[in-house]
Structures are given as structure tokens and as C-alpha cells.
Amino acid sequence: MQELIERIRKDGKIKPGNVLKVDSFLNHQIDPKLAYAMAQEIKRLYADETVNKVLTIEASGIGLAVLTGYLFECPVVFAKKSKSSNVSDDLYTAKVHSYTHGTDHTVIVSKSYLNPEDRVLIVDDFLANGAALEGLRSIVEQSGALVVGAAIAVEKAFQPGGARLRAEGMRIESLAKIASMSDDSIVFCEE
């Protein structure tokens, strides 16, 4: 998606360790017009699927997921990284490693929000090593629902997650795919 690529070039910040900060417009502060355009592109890409649930993981994917759910006219569920006192014990769970934060989380979704008849689109801000996407797929599979695919804002295609999950048969549509990064440049797959 050219608009997202241009925004990454303009406002994205490259940090050591192949970290791309897009927090000024995507996942800390959100540019609603850009996010809505991204959700429209996701809707176009998955228009042939009968999506009746959107699933994401807290917190960075929620903004884009909500706009995507709005366009699909369906509920949005997000996997929580911790259990609060008002969440029942009837849960789907998956262990997810965050490479960015260097931590493991057991993410949870209440069993009342995913059902075998659901056709689930997973939405997230980044795909690199694929741990979050694998965890969300596991939760959907535990529920008996079907993952119709994943919509990713930014994929680091030079890391193994996307290729591995696609090889396993998962449909993944990424709005911006990065072929390589260095301390001062980003090369996108389309280039």
C-alpha cells in the first residue's frame, strides 16, 4: 500500500536490532485517516471471505482491527496479555514471545467470544518472527473456528515468520513488506 510505504519512509525511525518505530502514526499515536485507508485495503483484500470476527492482540493492533471490524460489520476480539479479575476462567490461551520486549506472555481470549462457526480474520501491526500470529492462530484453532487469513500492516519479510506461516498454508496479506533494513535505509519488497 503506497500510502503506508510513503508514511514509513517519512516518519518511520530505524533503531538498532532491526527495530522499526512507527509509533508516531501507527501504534502509539494513530493517524486515523491512514488507519482507515489501511482498513479499507484489508477489506478489499479479504472481500471474497465471509469474515464474521476480527482477532488481534493487545495493544498495538487494536486500532487497525477496530476499523477493519467496522468495515466488515463484525465484532473485534483482542487477546489480552494478562487476566483481570473480571475475566472468567473459561479461556483459550497461547504462549507468545515478544522479541521487541524480550518477554513471554500467555495471551487469553474468553471462550464466549470465539465459536466453531466463526470465520476469523487476524489483524496485527507487525509480522517479523511470527510468534504473535502463531499464538492467535492457535487460539482460533482451539475454538474450532476457521482462520480465513491474516492482515498485517508492516511485515519484515527478511525475518522468517511470514515465509514459514505461508509455507504452512496460511494466507497473509501485508500492506507494506520490508525486504531489508540498515541503520539508514529501508528497502521494500515492491522495489
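Everything here concerns the structure above.
Residues numbered from 1 in each chain as written. Predicted model: local features only at pLDDT ≥ 70, side-chain atom pairs only at ≥ 80, totals over all residues. Heavy atoms only, no water.

A. The arrangement of helix α5 (residues 131–143) in detail. Over its 13 residues, α5 runs 19 Å from end to end, which matches the ideal 18 Å to within 8%, given 1.5 Å per residue. Every buried residue belonging to α5 is among Ala-131, Ala-132, Leu-133, Gly-135, Leu-136, Arg-137, Ile-139, Val-140 and Ser-143, and all of these are buried. After α5 finishes, the residue Gly-144 shows a positive phi value of roughly 85 degrees. (Helix = DSSP H or I, 4+ residues; strand = E, 2+ residues; numbered from the N terminus. Expected span 1.5 Å × (residues − 1). Buried < 20%, exposed > 50% of the residue type's maximum accessible area, 1.4 Å probe, protein only.)

B. Layout of the packing of helix α3 (residues 32–45) against helix α4 (residues 62–72). Running from N to C, α3 and α4 point in directions that differ by 50 degrees, and their axes come no closer than 9 Å. When the interaxial angle is binned, α3 and α4 end up oblique. α4 is crossed by α3, and the crossing has right-handed handedness. Along its contact with α3, which presents Pro-32, Ala-35, Tyr-36, Met-38, Ala-39, Gln-40, Ile-42 and Lys-43, the element α4 presents Leu-64, Leu-67, Thr-68, Tyr-70, Leu-71 and Phe-72. (Axes fitted to C-alpha atoms, helices over the stretch in contact; angles between N-to-C directions. Parallel < 35°, antiparallel > 145°, perpendicular 65-115°, else oblique. Left-handed = near helix turned anticlockwise from the far one by under 90°. Contact = heavy atoms within 4.5 Å.)

C. View of the nonpolar core. Ranked by size, the top nonpolar core spans 32 residues in total, and within it Leu-4, Ile-8, Leu-20, Met-38, Ile-42, Leu-121 and Val-154 carry the most contacts. Of all the elements, α3 adds the most residues to this core, at five residues. Residues contacting Leu-4, with those up to four places away along its chain left out, are Phe-25, Leu-34, Met-38, Ala-153, Val-154, Leu-175 and Ala-176. Core analysis: the next-biggest nonpolar cluster, separate from the first, contains 25 residues, Leu-55, Val-109, Leu-114 and Leu-136 among them. (Core = buried A, V, L, I, M, F, W, Y, C linked by side-chain atoms within 4.5 Å.)

D. Representation of the packing of helix α1 (residues 2–11) against α3. Running from amino to carboxyl end, α1 crosses α3 at an angle of 140 degrees, the nearest separation of the two axes being 10 Å. The interaxial crossing formed by α1 with α3 has left-handed handedness. Within the contact between the two elements, α1 uses Glu-3, Leu-4 and Arg-7 and α3 uses Leu-34, Ala-37 and Met-38. Per-class residue counts for the contact of α1 with α3 are four nonpolar, no polar and two charged. (Nonpolar A, V, L, I, M, F, W, Y, C, P; charged D, E, K, R; others polar.)

E. Geometry of the sheet that holds strand β4 (residues 76–79). Spatial strand order, β4-β3-β7-β8-β9-β10: six strands in an open sheet with mixed pairing. The open sheet has two free edges, formed respectively by β4 and β10 (185–188), since each of these has just one partner strand. Across the sheet, the mean angle separating the axes of adjacent strands is 30 degrees when strand polarity is ignored. Pairing of strand β9 (residues 172–182) with β10 involves four bridges; the strand directions are antiparallel. Bridge pairing in β10 links Ile-178 to Phe-188. Against the sheet, α3 touches β7 (119–127), β8 (146–156) and β9, its axis set at about 120 degrees to β9. (Pairing = 2+ DSSP bridges.)

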